[in-house]
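Read off the chains here:
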Amino acid sequence: MRMHFLVTAGPTREHLDPIRFISNCSTGKMGFALAEAAVARGHDVTLVAGPVALPTPAGVTRVDVVSACEMLAAVQRHLVVADVLIMSAAVADWRPLVVSGSKLKKRTMPPVLELIPNPDILGAVAPLKGARIFVGFAAETGDPLPEARRKLVDKGLDLIVANDVSQPDAGFAADTNRVTLLGSDGATETLPLMRKAEVAARIVAWVEARCALYLQDR
Ligand code: CTP
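Residues numbered from 1 in each chain as written. Predicted model: local features only at pLDDT ≥ 70, side-chain atom pairs only at ≥ 80, totals over all residues. Heavy atoms only, no water.

Peer 1: Quick one: what's the story with helix α1 (residues 29-40), residue by residue and with numbers?
Peer 2: Relative to the 16 Å expected for 12 residues at 1.5 Å per residue, α1 spans 16 Å between its end C-alpha atoms, a close match to the ideal helical length. Those residues of α1 lying buried are M30, G31, F32, A33, L34, A35, A37 and A38. (Helix = DSSP H or I, 4+ residues; strand = E, 2+ residues; numbered from the N terminus. Expected span 1.5 Å × (residues − 1). Buried < 20%, exposed > 50% of the residue type's maximum accessible area, 1.4 Å probe, protein only.)

Peer 1: Would you mind going over the sheet that holds strand β9 (residues 133-140) in detail, with residue names and values included?
Peer 2: Across the sheet, which stays open at both edges, the eight strands sit in the order β5-β4-β1-β6-β9-β10-β12-β13 with mixed pairing between neighbours. The sheet terminates laterally at β5 (61-64) and β13 (188-190), the two strands that pair on one side only. Going across the sheet, the axis of each strand differs from the next one's by a mean of 15°, ignoring polarity. Across the sheet, α1 is in contact with β1 (4-9), β4 (44-49), β5, β6 (84-87) and β9; its angle to β4 comes to roughly 170°. (Pairing = 2+ DSSP bridges. Axes fitted to C-alpha atoms, helices over the stretch in contact; angles between N-to-C directions. Contact = heavy atoms within 4.5 Å.)

Peer 1: Quick rundown of the side chain of T176? Include the residues and the values.
Peer 2: By secondary structure assignment, the location of T176 is in strand β11 (residues 176-177). Separated by 2.6 Å, the side chain of T176 and the backbone oxygen of D169 make a polar contact. Beyond its immediate sequence surroundings of up to four residues, T176 is in contact with D169, A170, L193, M194, R195 and K196. (Polar contact = N/O pair within 3.5 Å; in protein donor to acceptor, adjacent residues only side chain to side chain.)

Peer 1: Pulling in residues and values, what's your account of a nonpolar patch on the surface?
Peer 2: Together, W94, L113 and L115 make up a nonpolar patch on the protein surface, roughly 270 Å² of accessible area in all. Following the sequence through the fold, W94 ends up in strand β7 (residues 94-96). The class of W94 is partly exposed, set by a relative accessible area of 43%. (Patch = residues over 30% accessible without salt bridge, like charges linked within 9 Å, V, L, I, M, F, W, Y side chains within 5 Å. Areas by Shrake-Rupley, 256 points an atom, 1.4 Å probe, with all protein chains shown as cover. Salt bridge = Lys/Arg side-chain N within 4 Å of Asp/Glu carboxyl O.)

Peer 1: Describe the environment of A9, listing the residues and the values that go with them.
Peer 2: Along the polypeptide, A9 turns up in strand β1. Not counting the four nearest positions on each side in its chain, A9 is found in contact with G28, G31, F32, L47, V48, A49, G50, M71, S88 and A89.

Peer 1: Before we move on, could you go through the nonpolar core and cite the residues and values that matter?
Peer 2: Formed by 34 residues in total, the largest nonpolar core has its most connected members in F5, I86 and I203. Elements that contribute at least two residues to this core include exactly β1, α1, β4, β6, β9, β10 (159-164), β12 (179-183) and α5 (196-217). Once residues lying within four places of it in the same chain are set aside, the contact partners of I203 are M30, L34, I86, V135, F137, L159, V161 and L181. (Core = buried A, V, L, I, M, F, W, Y, C linked by side-chain atoms within 4.5 Å.)

Peer 1: Residue-level account of the site of the ligand, with values.
Peer 2: In the vicinity of the ligand there are 13 residues, among which M87, A89, I121, K151 and K155 approach most closely. Between F137 and the ligand, the recorded distance is 2.9 Å, taken from a backbone N or O atom to an oxygen atom. The protein chains hide 79% of the 580 Å² of surface that the ligand would expose on its own. Within the residue set of the shell around the ligand, elements represented by two or more residues are α3 (121-125), β9 and α4 (145-154). Its residues placed into classes, the shell around the ligand shows seven nonpolar, one polar and five charged. (Near = heavy atom within 4 Å. Nonpolar A, V, L, I, M, F, W, Y, C, P; charged D, E, K, R; others polar.)

This is the structure we're talking about:
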């Protein structure tokens, strides 16, 4: 069945002035691989991308954003037509309270940066879930499974993809990943080290199988 995938990818940037920001090490590779894998299976794909240096995969509709608030607005706008939301973006949890319109000067800049929490995108769109399939990621340093289990439940997800980003072959910039898929039905599948393209294909296949089951149950 042809579905519409809404995929987020990359980091967000939380500016404190026009040239400085808080961000993280995400490169967007996993999210872009997911977008490409879904298109390869004949699905429609909207890719909401934070600032990354990656070309748009053929057949993908790309929406560029910078901050977490912009990403939330884009997800809210495009979720309406989506059947599946995959939140692979590494969303910054905090943003500076004050954003300066001009470059901050070291002589006048306060030594402590005051932050305010960003919205949790999955939390904010949870009321719109309905029959949609929601997939999240838990990128942790160390054993990711306890945190992944917590986030699967807390964020009301159908699937969470857990990985240990402290491993050099499974981190943000790597072309490979080593993940465990945890389904809300209790199913757990630990995949061996594989290319992010293969991990992406497995996640898309999981979503397709889940959707087929869902239709069968109706
Ligand atoms: N996420 C989100 N909105 C945020 C932060 C994260 O939707 N503001 C999504 C991510 O895209 C990912 C999942 O939630 O799919 C887990 O993200 P993660 O950063 O691991 O979790 P947090 O909720 O930020 O929790 P913690 O900082 O405690 O790890």
